[in-house]
Each structure stands twice: as C-alpha cells, then as structure tokens.
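Each chain, written out:
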Amino acid sequence: MTYTAAGTARWITVDGHKLRYHEAGEGDPLVLLHGSGVGVSGWANFGDNLPVLAQHFRCLILDQPGFGASERPEVYERNYLRIAMDAVIGLLDELGIEKAALLGNSMGGGVATLTALEHPGRVDKLVLMAPGGVGVNVLGPEPSEGIGRLMEFNAAPSPERGLAFLKSMVFNPATLTDELVEQRLTLAADPAAQAALRDAYATFYNPKMAEPLPLWARLRSLRQETLLLWGRDDRVTPVEGALLPARQIPNVDLRIFSRCGHWVMVERKDAFERSVIDFLHHGL
C-alpha cells in the first residue's frame, strides 16, 4: 500500500497545543518518535518505513512539540524531554490507548526512555535507536562531531551548515539524495523550526532544567523488554555509547549495524524493519 504524509496526517490537542501525527495500519499500537536535527519531522524520519511496519502494527508517527507541524509552548520552562513525554502520554490518552510499544530515534529514544521510566504502565516494549542521553561516550570527544555540527547550525543557520550536519548523519554519502537534502533543508529554513530546535536544546544545557539523575543513571529501573539498535559508524552518538545501556538495562538486546551511521532506519532499512517486527512480535 502507498501512504502519503497528507493522507495519513491526523491531529490532536494536548495541553492546548495542536500536534500532528501520522496513522496507518492495524494491530498492536506502535508510537514512533523522531530525533532532533536539521529539517526533522516524524514523517521525514519514518515515512519510508511505514509501508512495511503498518502491515504489522497500528503505527502512530508523532511530530513532537515544535517539530514538523506540531505547535509548542512559546517558552520552555522545563526540560524538553518532559514536554515531549507529556505529548506521548497525551496522544495515548486522546486515542484511548492504554499501553503501546515505543520506538525512538536519537532524541526520540531519550523521550521513549523517560516515558517508560515515568509511566511504566503505559509502555510495552522499547526500541531505542542510538538514543540520546541513554548512552555514555567514553572514547570520543564530547560533544560528538554530529552534535558539534548541529550546534554550529543552531548558532547561525545556513544551507551550508545544514548540509554539513546531514553529512555527519550517514555512513554512505550517496544516502543523501538530492530529494532528501532538498526536503530537509527546506524544512530547516523555516525560522519557526530553527527556533524550536534551538529552544529545545537550550533546555538540555540549562542547569535549572536538569534532571535530578541523567537517563543513563536510571537504566537499571527499566522493566520493559528493550531492543537497542546502533550504527557502527555513528558520528552523532558513537557506538561505544551502547555499552553502558546494553549492560545496565535488565532485559535488553543490542544489535550493531555495519555500513551505517545515525540513521539505521534509512541506511539499513530492510534489516531495521525486520529487527523491529521480530522483536515486537516475539520479544527477546
């Protein structure tokens, strides 16, 4: 079946803000949470995976607050992960879903992890793809190359800096087709999108909005079965960051994908989809 962004778009209101999500498929609910970055949205991250995943699950791809077409608070007064977590719970409440599996990429993986920790009864299984804040980078520089490129873009947005960030996301430069680059840079040129990205990251570096414990220090409390997916050649969240969560999460498997950067769902699309389907159907 062919799905389009417009044809799958739905809307809900959470805490007075309209949020867009895309829905397709039937079966057990699966909420997909995009990462941060240049020109990001739920559809940009997972739209190409929808035809396969929707054959097995009721897929709900959320534009998190301020990203894609979703509205956001004018001023962020707490850590953005908590704002996005409330949006996930609001989505489930609005749709009458008691419990769902969560799949999060990068920042979305951090949101999924926090949601599972704070609302364990609402989260079934977890798929975390190079999740932000969950791994600990002990070998490479901090911030990583990819995050450094993103900070450069946030400081002074331009097509050149946006493209430099996109190049850091992939192992194979051919992955960045003209169509993909144009789509991302067009979205990234929107001043509202730039402000949303900049403001979200500001909460991560504001000591007043810091969590009492970082996510990586809470991983032993996760009770959900968890699948970690990581690109061996990730320059945004380097693969050595997988070692701590793979050891600390009680019920976890780790799969590392060769020839792959930060976008496992793009560069290793078929293997990613097979891994997700098998895990969500059969568990560890």
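Residues numbered from 1 in each chain as written. Predicted model: local features only at pLDDT ≥ 70, side-chain atom pairs only at ≥ 80, totals over all residues. Heavy atoms only, no water.

Looking at an unreviewed UniProt entry, the chain carries the name Alpha/beta fold hydrolase, with the source organism given as Nocardia acididurans.

A. Main features of the pairing of strand S4 (residues 58-62). With four of its five residues buried, S4 lies for the most part within the structure. Two strands pair when backbone bridges link them, and strand S2 (residues 17-24) and S4 are joined in this way by four bridges, in the antiparallel orientation. The partner of His22 across the bridge, within S4, is Ile61. Summarising the sheet, strand S3 (residues 29-33) and S4 pair through five bridges and their orientation is parallel. Each residue of the ladder has a partner; that of Leu30, found in S4, is Cys59. (Buried < 20%, exposed > 50% of the residue type's maximum accessible area, 1.4 Å probe, protein only. Helix = DSSP H or I, 4+ residues; strand = E, 2+ residues; numbered from the N terminus. Pairing = 2+ DSSP bridges.)

B. Expanded view of helix H7 (residues 159-168). Of the residues making up H7, those classed as buried are Gly162, Phe165, Leu166 and Ser168. Taken down its axis, H7 places every buried residue within 160° of arc, on the same side. The outward face of H7, more than 90 degrees from its buried face, is lined by the exposed residues Pro159 and Glu160. (Arc of directions from axis to C-beta.)

C. The arrangement of the environment of Met1 in detail. Residue placement: Met1 occurs in the segment before helix H1 (5-8). What makes Met1 exposed here is its relative accessible area of 76%. With 67 residues separating them along the chain, Met1 and Gly68 place their C-alpha atoms 24 Å apart.

D. How the structure looks around the packing of aromatic side chains. Overall, the coordinates contain three aromatic pairs when judged by the stated rule. Seen from the ring of Trp11, Lys18 lies directly overhead, with NZ or CZ sitting 4.9 Å from the centre. For Arg72, the ring lying beneath its charged end belongs to Tyr76, and the centroid distance is 5.0 Å. (Phe/Tyr/Trp six-rings, centres within 6.5 Å; stacked < 30°, edge-to-face > 60°. Lys NZ or Arg CZ within 6 Å of the ring centre and 35° of its normal.)

E. Region of the structure containing the packing of helix H6 (residues 145-155) against H7. Between H6 and H7, the shortest axis-to-axis distance is 9 Å and the interhelical angle comes to 165°. Accordingly, the angle class assigned to the pair H6 and H7 is roughly antiparallel. Handedness of the crossing formed by H6 with H7: left-handed. Along the contact surface, H6 presents Glu145, Gly146, Arg149, Leu150, Glu152 and Phe153, while H7 presents Arg161, Gly162, Ala164, Phe165 and Ser168. (Axes fitted to C-alpha atoms, helices over the stretch in contact; angles between N-to-C directions. Parallel < 35°, antiparallel > 145°, perpendicular 65-115°, else oblique. Left-handed = near helix turned anticlockwise from the far one by under 90°. Contact = heavy atoms within 4.5 Å.)

F. Highlighting the pattern of salt bridges. Under the definition given, this model contains 11 salt bridges. When the shortest N-O distance is used, the salt bridge between Asp86 and Arg78 registers 2.7 Å. Look at Arg78 and you get partly exposed, because its relative accessible area is 34%. One salt-bridge network, in which partners are shared between bridges, spans Arg82, Glu118, Glu211 and Arg218. (Salt bridge = Lys/Arg side-chain N within 4 Å of Asp/Glu carboxyl O.)

G. Quick peek at the layout of surface pockets. Of the voids in this model, the largest pocket is the one considered here, and its volume is about 900 Å³. Forming the boundary of the largest pocket are 31 residues, of which Gly132, Gly133, Val134, Gly135 and Glu142 lie nearest the centre. The set of elements that each furnish at least two residues to the lining of the largest pocket consists of helix H5 (107-118) and helix H9 (191-205). Roughly 450 Å³ of volume is contained in the second largest pocket. Lining the second largest pocket are 19 residues, and of these Ala44, Asp48, Glu179, Leu180 and Gln183 lie nearest its centre. Counting residues per element, the ones that place at least two in the lining of the second largest pocket are helix H2 (42-46), helix H8 (178-188) and helix H11 (264-267). Partitioning the lining of the second largest pocket into residue classes produces nine nonpolar, six polar and four charged. (1 Å grid on protein atoms, 1.4 Å probe; cavity = no way out; pocket = protein on both sides within 12 Å on 5 of 7 lines; lining within 4 Å. Points joined across faces, edges and corners; volume = space filled by probe spheres on them. Nonpolar A, V, L, I, M, F, W, Y, C, P; charged D, E, K, R; others polar.)

H. Up close: empty space enclosed by the protein. For the structure shown, the criterion picks out one cavity of 30 Å³ or more. Computed from the structure, the largest cavity encloses a volume of approximately 70 Å³. Lining the largest cavity are 16 residues, with Ser36, Ser106, Phe165, Met169 and His262 positioned closest to its centre. In the lining of the largest cavity, the residues fall into eight nonpolar, seven polar and one charged.

I. Representation of the UniProt feature "domain: AB hydrolase-1" (unreviewed entry) in the chain in the model. The UniProt feature table records "domain: AB hydrolase-1" (unreviewed entry) at residues 29-267. Across residues 29-267, helical content stands at 39% and strand content at 15%; the span's end C-alpha atoms are separated by 25 Å. (UniProt positions renumbered as here; feature names shortened; annotations may be inferred.)

J. A look at a negative patch on the surface. A contiguous patch of negative charge, built from Asp28, Asp124, Glu225 and Asp253, is present on the exposed surface. Inspection of the secondary structure puts Asp253 in strand S8 (residues 252-257). By relative accessible area, Asp253 is classed as partly exposed at 38%. (Patch = residues over 30% accessible without salt bridge, like charges linked within 9 Å, V, L, I, M, F, W, Y side chains within 5 Å. Areas by Shrake-Rupley, 256 points an atom, 1.4 Å probe, with all protein chains shown as cover. Lys, Arg positive; Asp, Glu negative; His and termini not counted. Charge placed at Lys NZ, Arg CZ, Asp CG, Glu CD.)

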